[in-house]
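# Coordinates in review
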Amino acid sequence: MGLALIAGAGGLPHALVQQLETRPIVCALAGFEPDGVKVDETFRLETLGSLLADLKAKGVDQICLAGAIDRPAIEPSAIDAATMPLIPVLQQALIQGDDGALRAVISVFEHAGFAVRSAHEIAPGLLPATGCMTRCEPDDTARADADRAAQIVDAMSAADVGQCCVVQAGQALAIETVYGTDWMLQSLGARLESDPRGGVLFKAPKRDQDTRADMPTIGVDTIGAAAAVGLQGVVIETNGVMVLNQAEVVAACDKAGLFLWVRDRNS
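Basis of the calculations
- Residues numbered from 1 in each chain as written.
- Predicted model: local features only at pLDDT ≥ 70, side-chain atom pairs only at ≥ 80, totals over all residues.
- Heavy atoms only, no water.
- Buried < 20%, exposed > 50% of the residue type's maximum accessible area, 1.4 Å probe, protein only.
- Helix = DSSP H or I, 4+ residues; strand = E, 2+ residues; numbered from the N terminus.
- Arc of directions from axis to C-beta.
- Salt bridge = Lys/Arg side-chain N within 4 Å of Asp/Glu carboxyl O.
- Pairing = 2+ DSSP bridges.
- Axes fitted to C-alpha atoms, helices over the stretch in contact; angles between N-to-C directions.
- Polar contact = N/O pair within 3.5 Å; in protein donor to acceptor, adjacent residues only side chain to side chain.
- Parallel < 35°, antiparallel > 145°, perpendicular 65-115°, else oblique.
- Left-handed = near helix turned anticlockwise from the far one by under 90°.
- Contact = heavy atoms within 4.5 Å.
- Nonpolar A, V, L, I, M, F, W, Y, C, P; charged D, E, K, R; others polar.
- Right-handed = clockwise from strand over helix to strand, strands pointing away.
- Phe/Tyr/Trp six-rings, centres within 6.5 Å; stacked < 30°, edge-to-face > 60°.
- Lys NZ or Arg CZ within 6 Å of the ring centre and 35° of its normal.

## With respect to helix 2 (residues 48-57)
When we look at burial in helix 2, the residues that qualify are L48, G49, L51, L52 and L55. The arc that holds the buried residues of helix 2, viewed along the axis, is 160°, so those residues lie on one side. G59 sits one or two residues past helix 2 and shows a positive phi near 90°.

## Section: the pattern of salt bridges
Per the stated rule, a full pass over the model turns up 9 salt bridges. Across the salt bridge formed by R44 and E46, the nearest N and O atoms sit 3.3 Å from each other. Judged by its relative accessible area of 41%, R44 falls in the partly exposed class. Residue classification places E46 among the buried positions, given a relative accessible area of 3%. With a closest N to O distance of 2.8 Å, D147 and R263 form a salt bridge. Remark: R263 occurs in strand 13 (residues 259-263) and D147 occurs in helix 6 (residues 140-158); sequence separation between them is 116 residues. Its relative accessible area of 35% is what places D147 among the partly exposed residues. Relative accessible area serves as the criterion here: at 6%, R263 is assigned to the buried category.

## Things to note about the sheet that holds strand 2 (residues 25-29)
Spatial strand order, 3-2-1-4-5: 5 strands in an open sheet with parallel pairing. The sheet is open, and its two edges are formed by strand 3 (41-43) and strand 5 (115-117), each paired on a single side. Across the sheet, the mean angle from the axis of one strand to that of its neighbour is 30°, orientation sign disregarded. Summarising the sheet, strand 1 (residues 2-7) and strand 2 pair through 4 bridges and their orientation is parallel. Counted as the bridge partner of A7 is A28 from strand 2.

## Focus on the side chain of Q62
Within the secondary structure, Q62 sits in strand 4 (residues 60-66). For Q62, a relative accessible area of 8% puts it in the buried group. A distance of 2.7 Å separates polar atoms of two side chains, one belonging to Q62 and the other to R117.

## Structural notes on the packing of helix 8 (residues 220-228) against helix 9 (residues 246-256)
Helix-helix packing is described using two parameters, namely the angle between the two axes and the distance between the axes. Two elements in contact, helix 8 and helix 9, have axes separated by 8 Å at closest approach and are oriented at 15°. As judged from the angle between their axes, helix 8 and helix 9 are roughly parallel. The way helix 8 lies across helix 9 gives a crossing that is right-handed. On helix 9, the residues touching V220, I223 and A227 of helix 8 are E248, V249, A252, C253 and A256. Across the contact of helix 8 with helix 9, the residue classes tally to 7 nonpolar, no polar and 1 charged.

## Quick look at the sheet that holds strand 11 (residues 233-237)
The 6 strands lie next to each other as 6-13-11-9-7-8, forming an open sheet whose pairing is mixed. Edge strands, defined here as strands with exactly one partner in the open sheet, are strand 6 (131-132) and strand 8 (171-175).

## Regarding the pairing of strand 4
Counting buried residues in strand 4 gives 6 out of 7 residues, a clear majority hidden from the surface. Here 6 bridges tie strand 1 to strand 4, and the two strands are oriented parallel to one another. Across the sheet, the residue bridging to I6 is L65, located in strand 4. Where strand 4 and strand 5 come together, 3 bridges link them in parallel fashion. Pairing of C64 across the sheet is with R117, part of strand 5.

## Considerations on the pairing of strand 1
By the criterion of burial, strand 1 is predominantly enclosed, with 6 of the 6 residues buried. Going residue by residue along strand 1, you find G2, A4 and I6 tucked away on one face and L3, L5 and A7 tucked away on the opposite face as well. The handedness of the strand 1 to strand 2 crossover, carried by helix 1 (residues 12-19), is right-handed.

## As for the packing of aromatic side chains
Geometrically, a pair of aromatic rings is defined through the distance of the ring centres and the angle of the planes. With the rule as written, the count across this model stands at 1 aromatic pair. Taking 5.0 Å as the distance between ring centres and 35° as the angle between the ring planes, the aromatic pair formed by Y179 and W183 counts as tilted. Residue Y179 is classed as exposed on the basis of its relative accessible area of 59%. Lying across the ring of F114, K56 places its NZ or CZ 4.7 Å from the centre. For the cation-ring pair, R143 lies above W261, with the distance from its terminal atom to the ring centre recorded as 4.4 Å.

Here is the structure:
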């Protein structure tokens, strides 16, 4: 069996490759190359069909999607013959919400005969165990805010909007949109001029989300951004959020005085 990683931007592809005994073929969409990992093949959306044929010829039968991409425009003049049959599905994917778009892309790989495997399936070490990972632990207020945040993310799931929010004293301070977690946290910078420090960042997959792609992740940068806007801690859902470079993340939390709580949905 052969594995190919369809990699996007960010640190997840590198973290994933580090955990695998056998290095996969790493393919990247042009303009969204991953950090810290050598790319074997770069492709455009207009040549996806040719890429799939090439991977088949190399004995690949499994695909893993990992990393972030935006929605590139399709250039009609660049579409090759092997990709032309896929264009209706790809065009439809580009106008859907995130989850719908990913399901459509997954269907392209499956119809081509590939098994699509999730990052956390092939590298389960990216999912931390339930419990508080840090010296600092959530107090009763933070736990109540986490409960409230989980309700908010559930409500967001129905609209296919985002996977995280910030809650303080039961009030939503910010919710994730198409611009992502970092942008959401940066938008809270001005509040420190008038509001006390506190609040939690909560992150979890959307309900009924196909977690073979776009399972949420956090890393050292997430912790730094949360600390910069005065949050008390970070809460992620058990078996629902991958943590990149876990030792470094815990160390960053301890240094900043934040907690990192892996919360069981049923707790």
